[in-house]
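Notes for the structure review
Spelled out from the first residue to the last, the chains are:
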Amino acid sequence: MIKVLYDIEQLLSAKGKETGICRVSLEVLKELNQRPDYEVYPLVTIKDKGAAEYLKNKGLESLVGRIVYLPYLKKTTKCYNWRQKIKSALLMRCLGERYKREIDKYDEYISIFSPISGIVYDSHVHTKIFVHDLIPIKFPEFISAKFAVKYKKWMAGMKVDEVFCISHSTRKDFLAERPDYDERKVKVVYLAADAKFKPTSSPDIREKYGIKTKKYFLAVSELTERKNFEHLVKAFLRFLNESKAEDVSLAIIGVKRAGYEALNRLVAEQKSHQDKIVLTGFVADEDMAALYSQAEVFIYPSLYEGFGLPVLEAMQCGTAVVCSDNSSLPEVGGDAVQYISGHDEAETARVLSELYYNNTLKEKLKIQGLERAKYFSWKRSVDEIFK
């Protein structure tokens, strides 16, 4: 029996609203927990934020009795100024030996995102970590300067036994940043979409989220500059003006990141078509499959991705997909999506018009997307992690 210490700090911080990295962490945990040869121990590295209740709510009651509490372990990873360095050093001295003895009871230590403490590195446990993207290093303009500095220091100090990148694109970026790393230790593990993302019908879903037209284009992601939704809104308005279509809206699902106001301002400025642009905010998972399934087209004009999970979720729901042709997105979409540059509003408007009017093309993309989505599964992902 292989005993796995699994860091769930990201999950507890999400407070039940798993998106992006948190969704990955939960799905890997669920899949791993089904493996008879592995015994999973959820690790809490901060003050307990209701780990037992969280696991019960996610159908993981069997893990409650295995929760491992190592409070303040996370604090030992924070060394970005002199105060943090002093505090980290004191914690390492006070907790190091005791925590190492505890960690040595396990065979593997997995972090889906969080930095790994030096205490863990000093133990005998085999360490594994996911690298989702290198946005803070490649595109620091998209995040806070403070986090960019933290991320670069974290990346420079990483010394795990195995690094799992979620695409070949991310692996290439990681090795460019860390050319000293043994390439054999840097592997690609694709993500997957939850089984609940499937063709779904819900007659009331449009009304529930304020979509007033019979048809709608859909976009899904956290609302940040990198997701390029301003470009999408401008392209959509161009499509409306050129096509004179009256029965279609643009619905954008996602939570706005603090400080990002440009999209809201752009929508508020519209006089003639403001009611055709719907910003829903956060949408619970139980409604997402229906919103994907009933959309005319799913559009993802992102400027850079580590993977692009919404593209896969949309394909798995049987929705025609349009996405940017950069970074990891061609690895996810393959030949089953329509690609755009994400920089040319006229091009994006033309593609929207083509799919709006060409049902044959739209149906072809739906069929190809459903087939493409079968390639990805959490079982395959976890098989790769523990190969």
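Structural data are supplied above this passage.
These lines cover the structure that appears in this document, whether it is placed above or below.

Analysis parameters
- Numbering of residues starts from 1 in every chain and runs along the sequence as written.
- Local features in this predicted model are restricted to residues of pLDDT 70 or higher, and side-chain atom pairs are both shown and tallied only at a pLDDT of 80 or more, whereas totals for entire chains, interfaces and linings draw on every residue.
- Neither water nor hydrogens contribute to the side-chain values; these are computed over all heavy atoms in the structure.
- Between Lys or Arg on one side and Asp or Glu on the other, a salt bridge is scored when a side-chain nitrogen of the former is within 4 Å of a carboxyl oxygen of the latter.
- The helix count covers DSSP runs of H or I at least four residues long, the strand count covers runs of E at least two residues long, and both are numbered beginning at the N terminus.
- Exposed residues in this analysis have more than 50% of their type's maximum accessible area, buried residues have under 20%, and partly exposed residues fall in between, with area computed by a 1.4 Å probe over protein chains only.
- In this description, contact between two residues means that some pair of their heavy atoms is separated by no more than 4.5 Å.
- At least two DSSP bridges between two strands are needed for those strands to be called paired.
- Fitted lines through C-alpha atoms give the axes, limited to the stretch in contact for helices. The angle between two N-to-C directions lies from 0 to 180 degrees.
- Here is how to tell: hold the view so the strands point away, follow the path from the first strand over the helix to the second, and if it runs clockwise the crossover is right-handed.
- Pairs were defined over the aromatic rings of Phe, Tyr and Trp, the Trp ring being its six-membered one, requiring ring centres within 6.5 Å. Orientation was assigned from the angle between planes: stacked under 30 degrees, edge-to-face over 60, tilted for the rest.
- Distance and angle both matter: a charge sits over a ring if NZ of Lys or CZ of Arg is within 6 Å of the ring centre and within 35 degrees of the ring normal.

Let us look at the pattern of salt bridges. Charged atoms that come close allow side chains of opposite charge to pair. Under the criterion given, the structure shown has 29 salt bridges. Note that Lys152 and Glu177 form a salt bridge whose closest N and O atoms lie 3.0 Å from each other. Of this pair, Lys152 sits in helix H7 (residues 145-157) while Glu177 sits in helix H8 (residues 168-177), and the two are 25 residues apart along the sequence. Here Glu177 falls in the partly exposed class, since its relative accessible area comes to 24%. Taking the shortest distance from any N to any O, the salt bridge between Glu305 and Lys227 comes out at 2.7 Å. A residue pair is termed long-range when its members are at least 10 positions apart, and Glu305 in the loop between strand S11 (297-300) and helix H13 (309-316) and Lys227 in the loop between strand S8 (215-220) and helix H10 (229-243) qualify at 78 residues. Taken as a pair, Glu305 and Lys227 share a single burial class, namely buried. Each of Arg23, Glu27, Lys30, Asp194, Lys196, Asp285 and Glu313 takes part in one network of salt bridges that share partners.

Residue position: Leu95 is located in helix H4 (residues 82-103). Classification of Leu95 by relative accessible area gives buried; the value is 10%. Each C-alpha atom of the pair Leu95 and Met288 lies 44 Å from the other, and the pair is 193 residues apart in sequence. Excluding residues within four positions of it along the chain, Leu95 makes contact with Pro71, Tyr72 and Ile119.

Moving on, we get to the sheet that holds strand S13 (residues 338-340). The pairing of strands in a sheet comes from backbone hydrogen bonds and takes either a parallel or an antiparallel form. Spatial ordering of the open sheet is given by S10-S9-S8-S11-S12-S13, a layout of six strands whose pairing is parallel. Strands at the two margins of the open sheet, each flanked by one partner only, are strand S10 (277-281) and S13. Strand-to-strand twist of the sheet, defined as the mean angle between neighbouring strand axes without regard to direction, takes the value 25°. Inspection of the sheet shows S11 paired to strand S12 (residues 321-324) by three bridges, in the parallel sense. Each bridged residue has a counterpart across the sheet, and for Tyr300 the counterpart in S12 is Cys323. Each of S8, strand S9 (248-253) and S11 is contacted by helix H12 (residues 285-293), which is oriented at about 125° to S8, the strand it contacts most.

Across the sheet, which stays open at both edges, the seven strands sit in the order S3-S2-S1-S4-S5-S6-S7 with parallel pairing between neighbours. In the strand order of this sheet, the two ends are held by strand S3 (68-69) and strand S7 (186-188), each with one partner. Sheet analysis places strand S6 (residues 162-165) next to S7, joined by three bridges and oriented parallel. From the neighbouring strand, Phe164 faces S7, where its bridge partner is Lys187. Packing against the sheet, H8 makes contact with strand S5 (126-131), S6 and S7, and its axis sits at approximately 165° to S7.

All right, on to the pairing of S6 then. Here S6 shows two buried faces, one formed by Glu162 and Phe164 and the other by Val163 and Cys165. Of the strand pairs in this sheet, S5 and S6 are connected by four bridges, and their pairing is parallel. Bridging across to S6, Lys128 finds its partner in Glu162. Read from S6 through H8 to S7, the crossover connection turns out right-handed.

Under the counting rule described, the total for this entry stands at 23 aromatic pairs. Relative to Phe376, the ring of Tyr190 lies with its centre 5.6 Å away and its plane at 70°, an arrangement referred to as edge-to-face. Linking Tyr190 in the loop between S7 and helix H9 (205-208) with Phe376 in the loop between helix H16 (359-373) and helix H17 (378-385), this pair joins segments that are 186 residues apart in sequence. Residue class for Tyr190 comes out buried when judged on its relative accessible area of 18%. On the basis of relative accessibility, which here comes to 6%, the residue Phe376 falls in the buried class. Taking the centre distance of 5.5 Å and the plane angle of 65° together, the rings of Tyr292 and Phe298 count as edge-to-face. Neither Tyr292 nor Phe298 differs from the other in exposure class; each is buried. Following the ring pairs from residue to residue traces out a cluster consisting of Phe217, Phe236, Phe239, Tyr356 and Tyr357. Against the face of Tyr375 rests Arg380, its NZ or CZ located 4.4 Å from the ring centre.

So far we have only geometry, and geometry alone does not tell us how the molecule works.
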